Amino acid sequence: MPLVSKPIRDGPVSFPALLLHRYLLLLKSYPISTKAATSGILSALGNLLSQVIQQRRKHSFSSQSLELSGPLRFAAYGFFLTGPLSHYFYLYMEHLIPPTVPFAVLQRLMLDRLIFAPAFLLLFFVVMNFLEGKSLSTLCERMKKGYWSALKMNWKVWTPFQFINITYVPVQFRVLFANFVALFWYAYLASMKK
């Protein structure tokens, strides 16, 4: 008599398990769109987190005083740039530096930290300046005041997380992993502007 598999759990599936299942299906069927949507949502949440932290520091938190244009800009940036660019960057990195190459992890980390991170941060400054409707002179001023300090902070904060991401996280989940770190990173970047 053949053995029949039984479900591990009878009864209703938990909401988090259902969400994870749906996410994995979407990730398999629509990888770029799923990563773009996830990036947009978490980027917007990072901006909201920044606003909440700043208002609590001033002891003046009120949900009515939250500015909605900031999360919308961050959502657009995450959806149109962070998600798709990160998706292709991680795939390109896998192709350019296969795991079998000596010191592959170190080479990938250096590619990310020394090439991708500075360029992506520059893109962030340029796009946010454009989305805010600011002038080129404002961009130059922001770059002078904040780019170098933001890049140094990027190297401090992101390097250990990117080491984990590149070394241990499967390629299809790297954008998601980075998005959760970016939730707090975008909160930091949004607070730099204030």
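The model shown is predicted, which means the values in this text are computed figures rather than measured ones. (Residues numbered from 1 in each chain as written. Predicted model: local features only at pLDDT ≥ 70, side-chain atom pairs only at ≥ 80, totals over all residues. Heavy atoms only, no water.)

Trainee: Any details on the packing of aromatic side chains? Residues and values, ideally.
Mentor: Within the structure shown, the criterion is met by eleven aromatic pairs. For the pair Phe116 and Phe120, a centre-to-centre distance of 5.2 Å together with 20 degrees between the ring planes defines the contact as stacked. Taken as a pair, Phe116 and Phe120 lie in helix H4 (residues 104–131) at a separation of four residues, close to a single helical turn. The exposure classification of Phe116 matches that of Phe120, with both residues buried. Geometrically, the ring pair formed by Phe125 and Tyr147 is edge-to-face, given 5.9 Å between the ring centres and 70 degrees between the ring planes. Taken together, the residues Phe125 in helix H4 and Tyr147 in helix H5 (residues 136–168) connect sequence positions 22 residues apart. We note that Phe125, like Tyr147, is buried. Each residue in the set Phe74, Tyr77, Phe89, Tyr90, Phe116, Phe120, Phe124, Phe125 and Tyr147 is aromatic and connected to the rest through ring pairs, giving one cluster. (Phe/Tyr/Trp six-rings, centres within 6.5 Å; stacked < 30°, edge-to-face > 60°. Helix = DSSP H or I, 4+ residues; strand = E, 2+ residues; numbered from the N terminus. Buried < 20%, exposed > 50% of the residue type's maximum accessible area, 1.4 Å probe, protein only.)

Trainee: I'd love a proper account of unusual backbone geometry, names of residues and values included.
Mentor: Unlike most non-glycine residues, Phe103 shows phi in positive territory, near 60 degrees. Within the secondary structure layout, Phe103 lies in the loop between helix H3 (69–96) and H4. Of the residues examined, Phe103 reaches a relative accessible area of 66% and is grouped as exposed.

Trainee: Can you lay out the pattern of salt bridges for me, pointing to particular residues and giving the numbers?
Mentor: Across all of its chains, the model carries six salt bridges by this definition. Glu132 is the partner of Arg73 in a salt bridge, and the nearest nitrogen-oxygen pair spans 3.8 Å. Taken together, the positions of Arg73 in helix H3 and Glu132 in the loop between H4 and H5 put the pair 59 residues apart, joining distant regions of the chain. When sorted by exposure, Arg73 lands in the same class as Glu132, which is buried. In this structure, Asp112 and Arg113 form a salt bridge, with 2.8 Å as the shortest nitrogen-oxygen distance. (Salt bridge = Lys/Arg side-chain N within 4 Å of Asp/Glu carboxyl O.)

Distances and angles like these do not, on their own, reveal function.
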